[in-house]
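Coordinate inspection notes
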Amino acid sequence: MLVLSRQRDESIMIGDDVEIIIVDIRGDKVRLGITAPIEIPVHRKEVYETIKREGGSGYKVHTRHSKKHGSAKPTDRSS
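This report concerns the structure included in the present document. Counting of residues starts from 1 at the beginning of each chain's written sequence and follows it residue by residue. Only residues with pLDDT of at least 70 get local features here, since the model is predicted, and only at 80 or more are side-chain atom pairs given and counted; chain-wide, interface and lining totals rely on the full set of residues. Hydrogens and waters are ignored; side-chain quantities use all the structure's heavy atoms.

This brings us to the pattern of salt bridges. Salt bridges are identified by distance alone: a Lys or Arg side-chain nitrogen within 4 Å of an Asp or Glu carboxyl oxygen. Counted according to the given criterion, the structure contains 4 salt bridges. Measuring nitrogen to oxygen at the nearest pair gives 3.5 Å for the salt bridge that ties Arg6 to Glu10. Buried, partly exposed and exposed residues are distinguished by accessible area as a fraction of the type maximum, computed with a 1.4 Å probe on protein chains only: under 20%, between the cut-offs, and over 50%, respectively. Judged by relative accessible area, which is 38%, Arg6 ranks as partly exposed. Overall, the relative accessible area of 28% leaves Glu10 in the partly exposed class. Linked through salt bridges whose partners overlap, the residues forming this network are Arg8, Asp24 and Arg26.

Here you go:
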């Protein structure tokens, strides 16, 4: 496991297409902003485990940020 230290408004790049931004730090909670191509699903681990447990392929709703630190907008990819 790679462990990195970051401060608010700093980011981490994964490959060329995935950016993880430290949006806010309050006490023991860290808020992350994630920019990734729409074809890369991004989930909290507990949501990911639920999806896998329920069969995985049926879950087609993802959220993405439209702007840096913007509000999440659900995107229905069922069509």
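This next bit is on the environment of Arg31. Numbering of helices and strands runs from the N terminus; a helix is a DSSP stretch of H or I covering at least four residues, while a strand is a stretch of E covering at least two. Tracing the sequence through the fold places Arg31 in strand 3 (residues 29-35). Taking C-alpha positions, Arg31 is 8.5 Å from Ile21, a pair spaced 10 residues apart along the chain. The contact criterion used throughout is that any non-hydrogen atoms of two residues lie within 4.5 Å. Apart from residues no more than four positions distant in its own chain, Arg31 is found in contact with Ile21, Ile22, Val23 and Asp24.

Here a strand pair is declared whenever DSSP counts at least two bridges between the two strands. One ladder, built from 4 bridges, connects strand 1 (residues 11-14) with strand 2 (residues 18-26); its direction is antiparallel. The residue of strand 2 that forms the bridge with Met13 is Glu19.

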